[in-house]
Amino acid sequence: MAPEAPAKVPAVRPRVEGPGPLHRFVRWDVIVTALLIVVFLGGAFGTSDFATSDNLSFALDDLSEIALIALPMTLLVVAAEVDLSVASVLGLCSALFGALWDAGWAIEMIVPFLLVVGVVAGLINGLLVTRLGLPSLAVTIGTMTLYRGLAYVVLGTKAVAEFPQNYADLATKTVPGTPIPYPFALFILLAVVTAIVLHATGLGRALFAIGAQEEAAFFAGIRVKRIKLLLFVVSGIVAAFAGAVYTLRYGSARADNGLGLELAVIASVLLGGVDFDGGKGTLGGVVAGVLLIGLLRNLLMLRDVATEIQSIVTGLLLIVSVLTPRIAALVRQTRRHHRGTTPAASS
Amino acid sequence: MSESPPILALKDVRKAFGAVRALQDVSLELWGGEIHALAGENGAGKSTLVKTLAGVHRPDEGQVLLDGRPVEFHGPGDAQHAGVAVIYQEPTLFPDLSVAENIFMGRQPRSRFGRIDRRVLRAETAKLFVRLGVALDPDRPARGLSIADQQIVEIAKAISRDARVLIMDEPTAALSGNEVARLFTVARTLRDQGCALLFISHRLEEIFDLCRRVTTLRDGRYISTELLDGLTADDLVQRMVGRELDTLYPKQETTIGETVLKVSRLTREGVFTDVSFEVRSGEIVALAGLVGAGRSEVARAIFGIDRYDAGTVEVGTVRLAGGSPTTAMSAGLALVPEDRRQQGLVMEGSIERNIGLTQLRSLRRGPVISRKIERDRAADWAIRLQLKYARLSDAVGVLSGGNQQKVVLAKWLSTEPSVLIIDEPTRGIDVGTKSEVHRLLSELAGQGLAVLMISSDLPEVLGMADRVLVMHEGRLTAEIPRDQATEETVMAAATGQTRQEAA
């Protein structure tokens, strides 16, 4: 057909507005990375104890759980789901850690058991979302309360301490020759794996498709429910493992460990440029977001800023990170509107 | 009608977006008491023209004339004020408000104390519906109204604002036959009351049926304005496309092979009942019927989108378990769904990723996806289907409807299916691309693909199909071989007037 249709000259319609080189640099994850550098330099020059190897190691170690949990959270948010129960899974596992240690279990037995608990917690979330079709926001607000409640059932308000030193060391010491603590080294490893999964595998492609247009993904033969279930289970496992790290790091198992941590996790994911509506985001951005949150927390702590103020800062960052891309999109849209519509819309 | 100037006119209008010249020296005159057609392929500039009339765009050069005097619309509000109303393909009503409230949104009649006077509101609305000659309940909420009814509400809204010019931008694309007929009655009523109407449709027979004159655009350029009387469909197509379309339905003769898809006694309670048929290799089987007869639902069930209560689906020798598109795909099925924007494509995803989405496994090199394979495969299909695009990394959302459909086709053909189910293959697609899609389907069948084509477009059904299956109210009512398929036989079965033995 269409003998005149220039198949060999694909650029039939010059784009009115393409992602030119400038546009590419104002990508959100690039902005966050730049911000990260600014905050780091600001901290280094403005706060004397900041840019020391010891402090940075401490800051990274302090970030371990948030960083670890942010990885599966990124996958969930890209697929337009969310898991608010992660901090409660962490708390429940911390409480179980204490109770089982009290009961004489070996750490080598406790950690695998916690991972199983994580699987079960994730399965409950995932099955409620995929089988009953409930929104994950509602489901995981429910299980957030449920799992935290179970944590109190397990351990009450008491604290269990005094875990073996070799395990405590694993949670706090740095990898020899580097300022990187072991848990954070694990995060780096897992971040690389997650980045590959998200950006270079079929599963990653499927996640973006699910987040952007779930129905189209389903029509394309993607096993949407199975994938979502898997994500919730992975989220549960990682949160459970983070519970063990947290307990060993503080040397204290308590039911209220990690209270409110889910917000810091989601803040760093959104700050990293992942769209809360799904379908957009990069893991590089999330790593930058996690580090930014970590540095800010550390700086505020070094300057003896009250914890209330710290949570205000986290809250503001969360709002800013959700708002900024929207405003940017709005600005772009109005600008386009003034120039006329996009070329394809003018049929 | 020619003593007074046209109600609304464009004179030598130019409009460019960046380097794209959307309209070049286009003129158009809309007279009271006349329905005027606007014809052109996608990308010919029809939407830009409509938006210029509606005050959304301002012309770079040339004039908009209202009653013969130049005007400048500074926004849609100005145009509305001047009595220009646009009815879009899919209206946006407030679903929770009543029909009457939607019509008088923002201008509700007030009683004393400033409260909304519901009695007057209802009476005024009823009066409007009488004037339009339609039966709609002013009190029912807009939620759940069919698209056709929503359009009527929009028209009523326009009339209540004393609109003198009514622009209908592809209003019939999503309507069934009866609904189109009713819309046309309303349009004629308004014409007789002195309104000027501009009608846009891809269905040529509708243009001939409804309109008196037609203005044709091609590539943003004005081609002609002429009386439809004495013009043939081929003339019109030739003006739109600028060349002769070889044949509208390039059906190839093919050798029909073995049965590839066998559907037996498929039933989904309350939706369709006892549907049995076969599609053989090399064969195009059309599934015709009215909108709502259950055709798309059968396709969805076959492909595993929906579950079914009874019956079986076999592809080749494999009997499908049902309820899983993934297994249907691995058995060799492909489904090009009805709703491109929701089901066919990830609109914000790129062309290459949309094409690759159905074959994520075969794009792998080791555990990771090879960008090169992904891009090469997309590029191959883009060339093969003559896709018009700027970059493979562009979002499919920026493509025209016809090119979007090509992406959907590429996405499915690259899975190398043995059966292609295609639901409304050319809905909302311009004439040129439409004929490309038809040629492609014909070619594919020639290569041994089994095609099940659902279509509400009768000429398409008659032109393309080797066999026509007709559904009526959830049941197969007829199976008509190609040489016996006519508009009459198909429509009779679709409306339930005959009940032949279904195969």
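Every value quoted in this text rests on a predicted model; they were computed, and no experiment measured them.

**Observations regarding the confidence of the model for chain A**
Residues and elements named next belong to chain A.
- Per-chain confidence: chain A averages 87 in pLDDT, with 88% of residues scoring 70 or above.
- The low-confidence segment residues 1-22 (pLDDT under 50) makes 45 contacts with residues lying over four places distant or belonging to another chain.
- Between residues 340-347, whose pLDDT stays under 50, and residues either more than four places distant or in other chains, the model counts 27 contacts.

**Comments concerning the sheet that holds strand S14 (residues 310-315) of chain B**
All names here are of chain B.
- Spatial strand order, S12-S11-S14-S15: 4 strands in an open sheet with antiparallel pairing. Among the strands making up the open sheet, the edge pair consists of strand S12 (272-280) and strand S15 (318-319).
- With 2 bridges connecting them, S14 and S15 associate as antiparallel partners. The residue of S15 that forms the bridge with Glu314 is Arg319.

**Quick look at the UniProt feature "transmembrane region" (unreviewed entry) in chain A**
- The positions that UniProt labels "transmembrane region" (unreviewed entry) are, in the present scheme, residues 25-46, 66-82, 113-134, 184-208, 229-247, 259-276, 283-300 and 312-331 of chain A.
- With 96% helix and 0% strand, the stretch residues 184-208 of chain A has end C-alpha atoms that lie 27 Å from each other.

**A few points about the packing of aromatic side chains**
Residue and element names in this part refer to chain A.
- The tally for this structure, following the rule as stated, stands at 8 aromatic pairs over all chains.
- Ring centres 5.8 Å apart and planes at 55 degrees place the aromatic pair Trp101 and Phe163 in the tilted group. Of this pair, Trp101 sits in helix H5 (residues 86-102) while Phe163 sits in the loop between strand S1 (160-161) and helix H8 (165-172), and the two are 62 residues apart along the sequence.
- Trp101 gets classed as partly exposed once you look at its relative accessible area, which sits at 25%.
- Aromatic ring contacts, followed pair by pair, group Phe97, Trp101 and Phe163 into a single cluster.
- When the ring centre of Tyr246 is taken as origin, the NZ or CZ atom of Arg249, which lies over that ring, is 6.0 Å away.

**Quick look at the packing of helix H4 (residues 64-78) of chain A against helix H12 (residues 224-250) of chain A**
All names here are of chain A.
- Packing of H4 against H12 brings their axes to within 9 Å, and their N-to-C directions diverge by 175 degrees. Between H4 and H12, the interaxial angle falls into the category roughly antiparallel. Together, Ser64, Glu65, Leu68, Ile69, Pro72, Leu75 and Leu76 of H4 and Leu231, Phe232, Val234, Ser235, Val238, Ala239, Phe241, Ala242, Val245, Tyr246 and Arg249 of H12 make up the contact between the two elements.

**Considering the pattern of salt bridges**
- If you walk through the whole model with that rule in mind, you get 43 salt bridges over all chains.
- Across the pair Lys280 of chain A and Glu348 of chain B runs a salt bridge whose closest N-O atoms are separated by 3.7 Å. With Lys280 of chain A in the loop between helix H13 (261-271) and helix H14 (283-302) and Glu348 of chain B in the loop between helix H11 (340-344) and helix H12 (351-356), this pair bridges two chains.
- Accessibility expressed as a relative area gives 42% for Lys280 of chain A, which makes it partly exposed.
- The salt bridge involving Glu283 of chain B is made with Arg280 of chain B; its shortest N-O contact spans 3.5 Å.
- The network of salt bridges with common partners includes Arg205 of chain A together with Glu352, Arg371, Glu374 and Arg375 of chain B.

**Some remarks on a nonpolar patch on the surface**
- Taken together, the side chains of Ile319, Leu323, Ile327 and Val331 of chain A present a nonpolar region at the surface, about 350 Å² in accessible area.
- Judged by its relative accessible area of 45%, Leu323 of chain A is partly exposed.

**Overview of the pairing of strand S20 (residues 450-454) of chain B**
All names here are of chain B.
- Among the 5 residues that make up S20, 5 are buried, leaving the element largely enclosed by the rest of the structure.
- Residues Ala450, Leu452 and Ile454 point to one face of S20 and Val451 and Met453 to the other, with burial holding for every one of them.
- Sheet topology places strand S13 (residues 284-289) next to S20; 4 bridges connect them, and they run parallel. Counterpart to Ile284 in the pairing with S20 is Val451.
- Pairing geometry for strand S19 (residues 419-423) and S20, over 5 bridges, is parallel. Counterpart to Val419 in the pairing with S20 is Ala450.
- The β-α-β motif built from S19, the intervening helix H15 (residues 431-446) and the parallel element S20 has right-handed crossover chirality.

**Topic: the domain arrangement of chain B**
Residues and elements named next belong to chain B.
- As assigned here, chain B comprises domain 1 (8-93 + 145-241) and domain 2 (259-332 + 417-494).
- Contact residues are listed per partner, giving 7 residues for domain 1 and 8 residues for domain 2.
- Buried surface at the junction of domain 1 and domain 2, both sides included, amounts to about 740 Å², of which 59% is carbon and sulfur.
- Linking domain 1 with domain 2 are 0 residue pairs in polar contact (both at pLDDT 80 or more).
- Tallied by class, the residues present in the side of domain 1 that touches domain 2 amount to 3 nonpolar, 3 polar and 1 charged.

**Examining the sheet that holds S13 of chain B**
Residues and elements named next belong to chain B.
- Here 6 strands make up an open sheet; going across it, the order is S16-S19-S20-S13-S21-S22 and the pairing mixed. A strand with exactly one partner marks an edge of an open sheet, and here the two such strands are strand S16 (333-336) and strand S22 (475-481). Strand-to-strand twist of the sheet, defined as the mean angle between neighbouring strand axes without regard to direction, takes the value 20 degrees.
- As paired elements, strand S21 (residues 467-472) and S22 share 6 bridges and run antiparallel to each other.

**Observations regarding the packing of H4 of chain A against H13 of chain A**
Residue and element names in this part refer to chain A.
- The contact between H4 and H13 brings their axes to 9 Å, and the two run at 60 degrees. Considering their axes alone, H4 and H13 lie oblique with respect to each other. Of the two possible hands of crossing, H4 and H13 adopt the one that is right-handed. The segment H4 lies against H13, with Glu65, Ile66, Ile69, Ala70, Met73, Thr74 and Val77 engaging Leu261, Ala264, Val265, Ile266, Ser268, Val269 and Leu270.
- When grouped by side-chain class, the residues that make up the contact of H4 with H13 number 11 nonpolar, 2 polar and 1 charged.

Cut-offs and rules
Residues numbered from 1 in each chain as written. Chains lettered and ligands numbered in written order. Predicted model: local features only at pLDDT ≥ 70, side-chain atom pairs only at ≥ 80, totals over all residues. Heavy atoms only, no water. pLDDT = per-residue confidence, 0-100. Contact = heavy atoms within 4.5 Å. Pairing = 2+ DSSP bridges. Helix = DSSP H or I, 4+ residues; strand = E, 2+ residues; numbered from the N terminus. UniProt positions renumbered as here; feature names shortened; annotations may be inferred. Phe/Tyr/Trp six-rings, centres within 6.5 Å; stacked < 30°, edge-to-face > 60°. Buried < 20%, exposed > 50% of the residue type's maximum accessible area, 1.4 Å probe, protein only. Lys NZ or Arg CZ within 6 Å of the ring centre and 35° of its normal. Axes fitted to C-alpha atoms, helices over the stretch in contact; angles between N-to-C directions. Parallel < 35°, antiparallel > 145°, perpendicular 65-115°, else oblique. Salt bridge = Lys/Arg side-chain N within 4 Å of Asp/Glu carboxyl O. Patch = residues over 30% accessible without salt bridge, like charges linked within 9 Å, V, L, I, M, F, W, Y side chains within 5 Å. Areas by Shrake-Rupley, 256 points an atom, 1.4 Å probe, with all protein chains shown as cover. Right-handed = clockwise from strand over helix to strand, strands pointing away. Domains from an automatic or database assignment. Buried area = accessible area lost by both parts, 1.4 Å probe. Polar contact = N/O pair within 3.5 Å; in protein donor to acceptor, adjacent residues only side chain to side chain. Nonpolar A, V, L, I, M, F, W, Y, C, P; charged D, E, K, R; others polar. Left-handed = near helix turned anticlockwise from the far one by under 90°.

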